[in-house]
Amino acid sequence: MPRLHLISGLAADRSAFDRLGTFTSLPLNYIDWLPNHPEEPLADYAQRLIKHYQIREDDLLLGLSFGGLVSLEIARILASPKVILLSSFRDKQDLQPPLYWSLRLGLHRIIPKYRLRLINGMLKYQFSAVSEAGRKVLDRMLNQSDLALTKWSVQKIAETKYRPLAITAVYSLLGDADRMVRTWPHEQLSIIPGGGHFMVFEQAEAVTAQLKKILV
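Residues numbered from 1 in each chain as written. Predicted model: local features only at pLDDT ≥ 70, side-chain atom pairs only at ≥ 80, totals over all residues. Heavy atoms only, no water.

## Details of the overall build of the protein chain
Here is step 1: Within the protein chain one finds eight helices and six strands.
Here is step 2: Overall, the protein chain shows an N-to-C arrangement of helices and strands of β-β-α-β-α-β-α-α-α-α-β-β-α-α.
Here is step 3: Counting all 216 residues of the protein chain, 54% fall into the buried class.
Here is step 4: Within the protein chain, counting contacts between residues at least 6 apart in sequence, those at least 24 apart form 66% of the total.
Here is step 5: On the protein chain, roughly 10,300 Å² of surface is accessible, and the fraction owed to carbon and sulfur atoms is 55%. (Helix = DSSP H or I, 4+ residues; strand = E, 2+ residues; numbered from the N terminus. Buried < 20%, exposed > 50% of the residue type's maximum accessible area, 1.4 Å probe, protein only. Contact = heavy atoms within 4.5 Å. Areas by Shrake-Rupley, 256 points an atom, 1.4 Å probe, with all protein chains shown as cover.)

Pasting the structure below:
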């Protein structure tokens, strides 16, 4: 039986999905981030995830934020039948202008690893975590994140150029109040009104309802 693999976002972990209700009868597998290798291409990292978690060709993928970019890379390797991008993007072109231009100008390269924790306040604003529970979860995830992996991930976002997938059905679920990802045009696009970048937690009921429609 196919499984649905859930990949969390940059500086996040599986607890980002904690508030989602039941949205599929498929077995769920939560993928935790592996430490990156220095200068490792995204395709090589995706291959390591495939091997480590034994992801098969008939499995489905759900990627949150940066996890969506990784999901697309896995799907490109395996020709997966379906990928769901949740608050996610195909490459830096789909990011909001301030983030897009920061990557274009290479500003991320001048931030030392030990200073990444100082931008947590900015990230919390970008994630739109408004509830006390959401802020606590986000605080914990940011404080426990792998700083080397975080900086590598940002570099992968800056480098990646989207190439359409020939076989895989790609679905996108975005919030219209997302401060990080713009509403990029897509045939299989669903919009969550008022949804921010952390809507998987903050608007979990609405997200669950849309996932049910995609995974019928």
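## Description of the environment of T160
Here is step 1: Checked against the element boundaries, T160 lands in the loop between α6 (147–159) and β5 (169–175).
Here is step 2: Owing to a relative accessible area of 16%, T160 belongs among the buried residues under this scheme.
Here is step 3: Placed 91 residues apart in sequence, T160 and L69 show a C-alpha to C-alpha distance of 8.7 Å.
Here is step 4: Among all residues touching T160, those that are not within four sequence positions of it are L42, L69, R90, D91 and K92.

## Side note on α6
Here is step 1: Taking 1.5 Å of rise per residue, the 13 residues of α6 would be expected to cover 18 Å, and the 19 Å separating its terminal C-alpha atoms lies within 8% of that figure.
Here is step 2: All buried positions along α6 are accounted for by L147, L149, T150, W152, S153, Q155, K156, I157 and A158.
Here is step 3: Next to the buried residues of α6 lie α1 (42–53), α2 (66–78) and α3 (97–104). (Expected span 1.5 Å × (residues − 1).)

## A look at the sheet that holds strand β3 (residues 60–64)
Here is step 1: With parallel pairing, the six strands of this open sheet are ordered in space as β2-β1-β3-β4-β5-β6. Since the sheet does not close on itself, it has two edges, and those belong to β2 (28–31) and β6 (189–192), each with one partner. Averaged over all pairs of adjacent strands, the angle between their axes in this sheet comes to 15°, without regard to strand direction.
Here is step 2: The strands that α2 touches are β1 (4–7), β3, β4 (82–86) and β5; relative to β3, the one it contacts most, it runs at about 150°. (Pairing = 2+ DSSP bridges. Axes fitted to C-alpha atoms, helices over the stretch in contact; angles between N-to-C directions.)

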